Amino acid sequence: MPQSLTELANLYATDKGTIGPSTEWGAHNYTDIYEGYLYRYRQSPINFLEIGLGVTGDQWESHIVHGRNTGGASLRMWYDYFQNAKIYGMDVNPCPYLDNDRIKTFVADQGKIEDLDAFVEATGGIEFDVIVDDGSHRPDHQQVSFSYFFKHLKSGGLYFIEDLASNGLGDGGNERIACDSVRNTRTVLKHYLQNGNFEDPNALIDQAYLSEHIDYIGFHVPPRKIKYVFRPSIRRLLKKVVYYKTDQEGLCIIRKK
Ligand SMILES: C[S@@+](CC[C@H](N)C(=O)[O-])C[C@H]1O[C@@H](n2cnc3c(N)ncnc32)[C@H](O)[C@@H]1O
């Protein structure tokens, strides 16, 4: 029986699954959601791209690489899951040690158009079936990469953005993943769903193309584990606060027409 995506995530200790690298690191519970969208591709010869590979180096100290996680965990998971896919990886840190018969990694900054152009040239301008952004999580970077790569997604292709956060203009978010020159990505995309245009300021390139080609945008609120150091009555209260707050969507999927 082939392993599920969650089993593979837990095997390699990416935080996309239900366990993660260590007890200090909260798992994100994304893989059950991913599997609903991606199971049909399991044996298909798809082109798959992940931005942000969980590898450490001079450009970015990748904290996820600790405990059971030895680096590149999600690429290893995707490789096992998609038996016939070509897996492309992009990161600011080089990680050629992950390359094999179906994996090819590239060094690029997802927020720099010139880097993305170089990536497209190096890969011969191929079109992708599935793209996952698990890179810097900065909203400007997410928006540049999404609007750039949406043009390189096949018709019917899926684009996922992980770890949406309140980290844009007016949010006062965490420094490393924040950027206050644009609205956070969740807000920009929700605004599109509700009003048919993208909230400003944003870093999206060619919004007319996006409007013409977006078929569907969906959001997910995966459960996040909270540490139970409180007594049950406080826990019940906390659960309400944690689970019923608005703007908690952590994962977003955009399908192309
Ligand atoms: C959260 S980790 C990815 C985890 C991995 N996908 C997994 O599930 O195991 C984020 C990665 O993004 C990379 N990164 C940070 N800023 C980046 C940027 N501007 N462009 C591309 N990659 C970036 C980091 O080097 C790091 O390896």
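Structural notes, computed from the coordinates. (Residues numbered from 1 in each chain as written. Predicted model: local features only at pLDDT ≥ 70, side-chain atom pairs only at ≥ 80, totals over all residues. Heavy atoms only, no water.)

**What about the overall build of the protein?**
Okay, step 1: A tally of regular secondary structure across the protein gives eight helices and seven strands.
Okay, step 2: The C-alpha atoms of the protein give 18 Å as radius of gyration, which agrees with the globular expectation for 257 residues (18 Å, within 12%).
Okay, step 3: Viewed in the frame of its principal axes, the protein has a C-alpha envelope of about 60 × 45 × 40 Å.
Okay, step 4: A total of 257 residues make up the protein; the buried ones form 51% of that total. (Helix = DSSP H or I, 4+ residues; strand = E, 2+ residues; numbered from the N terminus. Rg over C-alpha atoms; globule rule 2.2 N^0.38 Å. Buried < 20%, exposed > 50% of the residue type's maximum accessible area, 1.4 Å probe, protein only.)

**Quick word on the nonpolar core**
Okay, step 1: Judged by nonpolar contacts, the single largest core of 34 residues is most densely connected at Phe146, Phe149, Tyr159 and Ile254.
Okay, step 2: At four residues, the largest contribution of residues to this core is made by helix 5 (residues 139-149).
Okay, step 3: Once you skip the residues sitting within four places of it in the chain, phenylalanine 146 turns out to touch Tyr159, Ile161, Leu189, Leu204, Leu210, Ile214 and Ile254.
Okay, step 4: Formed by 30 residues, the second largest nonpolar core is a distinct cluster that contains Tyr30, Ile46, Phe82 and Phe160. (Core = buried A, V, L, I, M, F, W, Y, C linked by side-chain atoms within 4.5 Å. Contact = heavy atoms within 4.5 Å.)

**Remarks on unusual backbone geometry**
Okay, step 1: With an omega dihedral of -10°, the bond running from aspartate 200 to proline 201 counts as a cis peptide bond.
Okay, step 2: Its location among the elements puts proline 201 in the loop between helix 6 (185-195) and helix 7 (207-213).
Okay, step 3: Positive phi values are uncommon outside glycine, yet aspartate 163 reaches one of about 60°.
Okay, step 4: Within the fold, aspartate 163 resides in the loop between strand 5 (153-162) and helix 6.

**Things to note about the site of the ligand**
Okay, step 1: Taken together, 22 residues lie around the ligand, and Thr14, Gly52, Asp91, Asp109 and Asp134 are the ones closest in.
Okay, step 2: Contacts to the ligand include threonine 14, whose side-chain N or O atom sits 2.8 Å from an oxygen atom.
Okay, step 3: Within the contact set of the ligand, an oxygen atom lies 3.2 Å away from a side-chain nitrogen or oxygen of lysine 16.
Okay, step 4: Across the shell around the ligand, the residue classes tally to six nonpolar, eleven polar and five charged. (Near = heavy atom within 4 Å. Polar contact = N/O pair within 3.5 Å; in protein donor to acceptor, adjacent residues only side chain to side chain. Nonpolar A, V, L, I, M, F, W, Y, C, P; charged D, E, K, R; others polar.)

**Digging into the side chain of aspartate 129**
Okay, step 1: For aspartate 129, the location among the structural elements is in strand 4 (residues 128-133).
Okay, step 2: Taking relative accessible area as the criterion, aspartate 129 reaches 12% and is therefore assigned buried.
Okay, step 3: A polar contact is formed between the side chain of aspartate 129 and the backbone nitrogen of asparagine 47, at a distance of 2.8 Å.
Okay, step 4: Once residues lying within four places of it in the same chain are set aside, the contact partners of aspartate 129 are Tyr41, Ile46, Asn47, Leu153, Lys154, Gly157 and Leu158.

**Structural notes on the sheet that holds strand 3 (residues 103-107)**
Okay, step 1: With mixed pairing, the seven strands of this open sheet are ordered in space as 3-2-1-4-5-7-6. The strands lining the two open edges of the sheet, one partner per strand, are strand 3 and strand 6 (214-220). Averaged over all pairs of adjacent strands, the angle between strand axes in this sheet comes to 15°, irrespective of strand direction.
Okay, step 2: Sheet topology places strand 6 next to strand 7 (residues 251-256); six bridges connect them, and they run antiparallel. (Pairing = 2+ DSSP bridges. Axes fitted to C-alpha atoms, helices over the stretch in contact; angles between N-to-C directions.)

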